[in-house]
Amino acid sequence: MLGEISRMAAPASNQIVGTPVLRKEGVAKVRGSAQYVDDLELPEMLHGATVRSTIARGRIRSITFDPSIAWGEYIIVTSRDIPGKNTIVHLFEDHLCLADDLVSHVAEPILLLAHADKAKLPAAAAAVKIEYEPLPAVFTIEESESRQTAIWGEDNTFKTYLMEKGDPDSVWATADYIVEGEYTTGAQEQLYIENNGCIAEWSDTEGVTVYGSMQCPYYLHHALMLAFDLPADKCRVVQTETGGAFGGKEDFPSVIGTHAALLAKKSGRPVKIIYDRGEDMASTTKRHPSRTRHRTAVSKDGKLLGAEIEFAIDGGAYCTLSPVVLSRGTIHAGGCYFWPNLRVRSKAMATNIPPHGAFRGFGAPQSLFALERHMDKIARVVGISGEELRRRNFLHPGNHTATGQLVADPIDMNAMLDRVLSASDFHAKQARFVETNRRSPIQRGVGLASFMHGAGFTGSGERRLNSLVKLEADAQGRIVLLVSSAEFGQGTNTILCQVAAQALQIPYEQVLIAQPDTHRVPNSGPTVASRTAMIVGKLVQTACENLLATLRESGLLEEQHSAAQFCHACIAHREQHGSLTGEARYQSPGDIFWDDDKYKGDAYPAFAWAHYVAEVAVDTRTYQATCEGFWAIQEVGKVLHPTLAAGQIEGGVAQGIGYALYERCEYKDGHLRNNQMTNYIMPTGADLPPIHVLFEEIPSIHGAFGAKGIGELPMDGPAPAILNAIYSAIGIDFDAIPLLPEDIFARMMRQSSGGSEDLKPEEAGPYYSRSAPQDEGLEVPA
Amino acid sequence: MSIVSFSVNGEQRTLDVPPMRRLLDVLREELRLTGTKEGCGEGECGSCSILMNGELVNSCLVPALHAEGATIRTVEGMADEARLHPIQQCFLEKGGAQCGICTPGMLLATEHLLAKYPNPTDEQIREGLAGNLCRCTGYMRIFEAVREAASLHPSKAQLA
Ligand code: FES
Ligand code: FES
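Residues numbered from 1 in each chain as written. Chains lettered and ligands numbered in written order. Predicted model: local features only at pLDDT ≥ 70, side-chain atom pairs only at ≥ 80, totals over all residues. Heavy atoms only, no water.

To continue, consider the overall build of chain A. Broken down by element type, chain A carries 20 helices and 28 strands. Computed over its C-alpha atoms, the radius of gyration of chain A comes to 27 Å, within 12% of the 28 Å expected for a compact globule of 782 residues. Expressed as lengths along the three principal axes of its C-alpha atoms, the size of chain A is roughly 85 × 80 × 50 Å. A buried classification covers 64% of the 782 residues belonging to chain A. Put simply, chain A shows about 26900 Å² of open surface, and 52% of that area lies on carbon and sulfur atoms. Here chain A holds 71 positive side-chain charges and 95 negative ones, and the gap between their average locations is 2 Å. (Helix = DSSP H or I, 4+ residues; strand = E, 2+ residues; numbered from the N terminus. Rg over C-alpha atoms; globule rule 2.2 N^0.38 Å. Buried < 20%, exposed > 50% of the residue type's maximum accessible area, 1.4 Å probe, protein only. Areas by Shrake-Rupley, 256 points an atom, 1.4 Å probe, with all protein chains shown as cover. Lys, Arg positive; Asp, Glu negative; His and termini not counted. Charge placed at Lys NZ, Arg CZ, Asp CG, Glu CD.)

Another aspect to go through is the interface of chain A and chain B. Taken residue by residue, the interface counts 54 residues in chain A and 48 residues in chain B. Counting the surface lost from both chain A and chain B, the interface buries some 3900 Å², and carbon and sulfur atoms represent 55% of this. Interface area lost by chain A to chain B is led by Val30, Arg31 and Ile193 of chain A, which between them contribute 20%. Our count for the chain A to chain B interface comes out at seven salt bridges. With its nearest N and O atoms 3.0 Å apart, the salt bridge here joins Lys118 of chain A to Glu29 of chain B. Elements represented by at least two residues in the side of chain A that touches chain B include exactly α2 (26–31) and α17 (642–661) of chain A. (Contact = heavy atoms within 4.5 Å. Buried area = accessible area lost by both parts, 1.4 Å probe. Salt bridge = Lys/Arg side-chain N within 4 Å of Asp/Glu carboxyl O.)

Within the secondary structure, Ser700 of chain A sits in the loop between β27 (691–696) and α18 (718–730). Ignoring sequence-local partners within four residues, the contact set of Ser700 of chain A consists of Ala606, Gly706, Ala707 and Lys708 of chain A.

Moving on to the sheet that holds strand β12 (residues 271–274) of chain A. Residues and elements named next belong to chain A. Here seven strands make up an open sheet; going across it, the order is β3-β5-β1-β12-β9-β10-β11 and the pairing mixed. Among the strands making up the open sheet, the edge pair consists of β3 (75–77) and β11 (235–239). Ignoring strand direction, the axes of neighbouring strands in this sheet form an average angle of 25 degrees. Each of β9 (197–203), β10 (207–212) and β11 touches helix α5 (residues 217–228); the most contacted strand, β11, lies at about 150 degrees to it. Contacting β1 (46–52), β3, β5 (109–115), β9, β10 and β12, helix α6 (residues 253–267) runs over the sheet at an angle of about 35 degrees to β9. (Pairing = 2+ DSSP bridges. Axes fitted to C-alpha atoms, helices over the stretch in contact; angles between N-to-C directions.)

This paragraph deals with the domain arrangement of chain B. Residue and element names in this part refer to chain B. What the domain assignment reports for chain B is domain 1 (2–77) and domain 2 (86–157). Between domain 1 and domain 2, the contact holds 15 residues from the first and 13 residues from the second. Both sides together, the interface formed by domain 1 and domain 2 hides about 1100 Å², and carbon and sulfur atoms give 59% of it. If you look at where domain 1 meets domain 2, you find one salt bridge. Arg73 is the salt-bridge partner of Glu111, the closest N and O atoms lying 2.6 Å from each other. Joining domain 1 to domain 2, the criterion identifies four residue pairs in polar contact (both at pLDDT 80 or more). Those elements that provide at least two residues to the side of domain 1 that touches domain 2 are β3 (49–52) and β4 (55–58). Of all the elements, β3 adds the most residues to the side of domain 1 that touches domain 2, at three residues. (Domains from an automatic or database assignment. Polar contact = N/O pair within 3.5 Å; in protein donor to acceptor, adjacent residues only side chain to side chain.)

Residues and elements named next belong to chain A. Under the counting rule described, the total for this entry stands at 14 aromatic pairs over all chains. Judged by centre distance (4.9 Å) and plane angle (85 degrees), the ring pair of Phe451 and Tyr612 falls under edge-to-face. One end of the pair, Phe451, is in strand β16 (residues 442–455); the other, Tyr612, is in strand β23 (residues 606–619), with 161 residues separating them in the sequence. For Phe451, a relative accessible area of 1% translates into the label buried. The exposure class assigned to Tyr612 is buried, which follows from its relative accessible area of 0%. Between Trp594 and Tyr599, the ring centres sit 5.0 Å apart and the planes meet at 75 degrees, which makes this aromatic pair edge-to-face. Looking at Trp594, the relative accessible area reads 13%, which means it is buried. Tyr599 sits in the buried class, given a relative accessible area of 5%. (Phe/Tyr/Trp six-rings, centres within 6.5 Å; stacked < 30°, edge-to-face > 60°.)

Written as structure tokens, this is what we have:
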């Protein structure tokens, strides 16, 4: 009897959120039985391949088919086979599905082939001879903004923003110091270990179905509707188990999925397209390269008075998602500091490089790299430590951010900084390394970066998405979540089921999640922007409350219930009404306002806050910099799952270390020359230091059980923390990433050119200014 | 075409395949053992790792011909119907699998490592898994899973 009572009472304190339950699809993954797209075979299936441009820009003069191939065996698709618009729709419709006249980048798709025997495709693709009339191409932001060659629109510019606070023109006359700097970041490959791939089927009655590896089934769904000129119910997209994405499967599946579908329609058979690594790296999106220029006014006691920041990204040949990436980079450009006056001008430029796209962090790692390097330089001009400069300028509750958003969370950046400095033994190490560096060819240093990252879509994005989440009870009285949020390793399945289980007060095992299939799940938005835990999680929570209300109103469930009672109530409701469902649609919180024109207001529903510390060693004989220790503290709201959350941070930090020290995309005439894992180097387990993860938890009112976004945040901090540590080790300011041994070698071999490379404030005087940058004339958008 | 005969996960298989066909394709396409994954096709990522005669090899680099007479173990051979292998259980519990695409290769690399070093040092773990790339985890939780699996290793169970 006693046992009975305690079992009955147990659910009331049922804590599922915040505990390390097992990953929902984990057993299938460790068994090797999880079905990724390349593991699927459909009857009569053909394999597809893509014939691509070999030049960066030009007109297609002729296409000839070498007679050595038995072309009759092949299905051939050109732009003429596209029933609807020849476009892959993202924000605009400039991105061609298949080039028909003008090619704008190397590896641009021109023609598609399919054959039953995969082995017969490479030779056939090589036997399609395309002649071009080459046109001048541009490959850098500088060439693009010079406008000597017009390649996109009127001015090669996809998008510009102007973000202003206070009166930034007023600060220069009274500043004690003016500090300038220019910083650049390179392209970075997402390098998910599973390449992009899709399988498509066509039926004259049902329309098109695509299965594939992706983050956003509804993006591809939208692309299919346009390219095939079909209504929504005739396009179906199903996400298969996805082997990593990191943004690289946000917009790109719309391309490969549409291609597979075109071949399927023409052949009447299922068609699978799986890229190999070389093709995936050469043709799919990368992180946008960037250039940031800072001009900062500071008082002699280390207060930031104001700044001008110019932020430019290389969008590649088509607009794709560049305006949104630019937006996030722009808003984060001022970082986690209080700026009385600030102006950020930004622009996304066109080049003849394959389109750049989403990658974890989405513009913020670029502009934050610049800011956090610049903060250390400012500190040296003022004559205080980087730590102290940051402390004097952190945003505090009650302050307003650069967009004028009130900091409402009771965040304490100083206390968090204390915690991570002590965990990393920062000060003692700093002192010790000064000693040891005198005697050793291996020079060590520690560096710091502080930052915040907005969770959810920028500005009015969430309102426009208008996400919907549904739940239904199955015949056994279990709850099935119907969301379009995709699992690709981050733990979507697990955390959303935890949220539902906790909200319904039932065991985690009683909650299932449906495979994302646009015929079955509603559009709960894309799986991007660190929005799933917070935005979709909250919708799941609300939908659960609605479902409970339905059961209670129908008299099937008491206020307090056991798991068994809940299960019985679900079954009873299904018997009486045929089904039991609950749903919730996004409602913009009443206290969030955003002005898209002025770029002012509440940029994000919530921010996560962080300080990262890197310890590095630079071997002055091999010029290799290695990260030897890493400490990451972050405030992310409620941690829904401690293991998954720490795993997200560690994985992001590892990618950030790769971004800083290992990963370089080498382009020649628009070709990615190192499109292989042998020559594009990501960190192995032997390259990485122990990564220590610390959390602060301040529950947010906007997220499920107080959760905020976490996925992108860890990408922002590692690169600047590492380069700051390198300065501390060898006294050289590097302003560009990636920073490989050859770069360190080159810099150590030449005389400093002065300016921001070696800072001597006493010589620089009150005005300290890097000599190089001429104003390229970033214009104010009209 | 050549007749190639080898044992996979305890079962003897005889196949007629092009001699230079990659063992990876033979496993995935002929035998439908799709747990073995392709990440790069050039011996860099280790997601195609299998055990061949007890050695860890990248099956994308092995021609079918070389498998003649070999004893092969893939991820499908680790668990039985009811129970996961302890290494799999540790990966599951410790968060060693995120997207899961590197996981089969990691599991076999771990099995190989623990056969060689039942009590691996951290250095041996880092070096032992350095041929297997993971883009999701940053490796920390994989290492933890390996340490945990080592602590459950039969050699210790006997000591206890
Ligand atoms: S697929 Fe074999 S090592 Fe990458
Ligand atoms: S878990 Fe995704 S690559 Fe390792």
